[in-house]
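# Examining the three-dimensional arrangement
Okay, here's what each chain looks like letter by letter:
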Amino acid sequence: GAGVSQSPSNKVTEKGKDVELRCDPISGHTALYWYRQSLGQGLEFLIYFQGNSAPDKSGLPSDRFSAERTGGSVSTLTIQRTQQEDSAVYLCASRSATGGNYGYTFGSGTRLTVV
Amino acid sequence: AQSVTQLDSHVSVSEGTPVLLRCNYSSSYSPSLFWYVQHPNKGLQLLLKYTSAATLVKGINGFEAEFKKSETSFHLTKPSAHMSDAAEYFCVVSDPGGGNKLTFGTGTQLKVEL
């Protein structure tokens, strides 16, 4: 597609439930990033995928968070046993291998509300 | 380790007056620096980027930023604010040694008044 697509755009879930957030990067972009933007905060790095390399998970806040990227394309961020502090906008970005520090494209995000 | 500090959480200007959004960075590497803008309920949009070429970087919508190594600053400016500039602005540094992860500042909310 022309841009990075994220779904759903909004998700309301009950505390304790699991949620899955999806990111469809730009075709051909080998690098994919997940960030979280909490109310009144900047963006917090969560996880990074580059090609077939092992992902950099150093930003995941707890073991309730996990992500996978299938076939080097679509990525799913899963949050288990959601807590109210997980409420945030989750943003996905992709970048081409030749893009270097250029060409990060962000999706519009998924707004997660845990009630 | 790398970090950015946005010195003002809120800036308010009158339409037609200059805009200055301040950013200081810290990086162990020769940094790549960016400014992103986020309008309400919209995605992040790249305004401009510095990647060790010219120190004065021109971006979209009349914005520009100057990289000053001696001051470790990358302030964003615009000569004349427009109502449509009201948004949140993020200063961002990239870590070339860590997968080009972006580290975001906490953002500056720009308000433009008539």
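Reference entry: report on the structure contained in this document. Source: prediction; values computed, not measured.

Another aspect to go through is the interface of chain B and chain A. Residue-level contacts link 18 residues of chain B with 20 residues of chain A. At the junction of chain B and chain A, the tally comes to 1 salt bridge. Residues K101 of chain B and D56 of chain A are paired through a salt bridge, measuring 3.2 Å at the closest nitrogen-oxygen approach. Our enumeration of links across chain B and chain A arrives at 3 residue pairs in polar contact (both at pLDDT 80 or more). Among the elements of the structure, β5 (32–38), β6 (44–50), β10 (87–95) and β11 (101–104) of chain B are those that each provide at least two residues to the side of chain B that touches chain A.

All names here are of chain A. The strand order across the open sheet built from 4 strands is β1-β3-β7-β6, with neighbouring strands paired in antiparallel fashion. What marks the edges here is a single partner per strand, and that holds for β1 (5–7) and β6 (65–69). Averaged over all pairs of adjacent strands, the angle between strand axes in this sheet comes to 15°, irrespective of strand direction. In this sheet, strand β7 (residues 75–79) lies alongside strand β3 (residues 19–24) in antiparallel orientation, the contact comprising 5 bridges. Bridging from a neighbouring strand, V19 pairs with I79 of β7.

What follows covers the environment of R22 of chain A. Residues and elements named next belong to chain A. Locating R22 in the fold gives a position in strand β3. Residue classification places R22 among the partly exposed positions, given a relative accessible area of 39%. When the C-alpha atoms of R22 and G42 are compared, they prove to be 21 Å apart, with 20 residues separating the residues in sequence. Sequence-distant contacts of R22, that is, excluding residues within four places in its chain, are made with S5, Q6, S7, W34, V74 and S75.

Residue and element names in this part refer to chain A. Here the bond from S7 into P8 is cis, since omega is -10°, no more than 30 degrees from zero. Of note in this structure, R81 is not a glycine but carries a positive phi near 45°. Counting through the fold element by element, R81 comes out in the loop between β7 and β8 (88–95). Classification of R81 as partly exposed rests on a relative accessible area of 42%.

Calculation rules
- Residues numbered from 1 in each chain as written.
- Chains lettered and ligands numbered in written order.
- Predicted model: local features only at pLDDT ≥ 70, side-chain atom pairs only at ≥ 80, totals over all residues.
- Heavy atoms only, no water.
- Contact = heavy atoms within 4.5 Å.
- Salt bridge = Lys/Arg side-chain N within 4 Å of Asp/Glu carboxyl O.
- Polar contact = N/O pair within 3.5 Å; in protein donor to acceptor, adjacent residues only side chain to side chain.
- Helix = DSSP H or I, 4+ residues; strand = E, 2+ residues; numbered from the N terminus.
- Pairing = 2+ DSSP bridges.
- Axes fitted to C-alpha atoms, helices over the stretch in contact; angles between N-to-C directions.
- Buried < 20%, exposed > 50% of the residue type's maximum accessible area, 1.4 Å probe, protein only.

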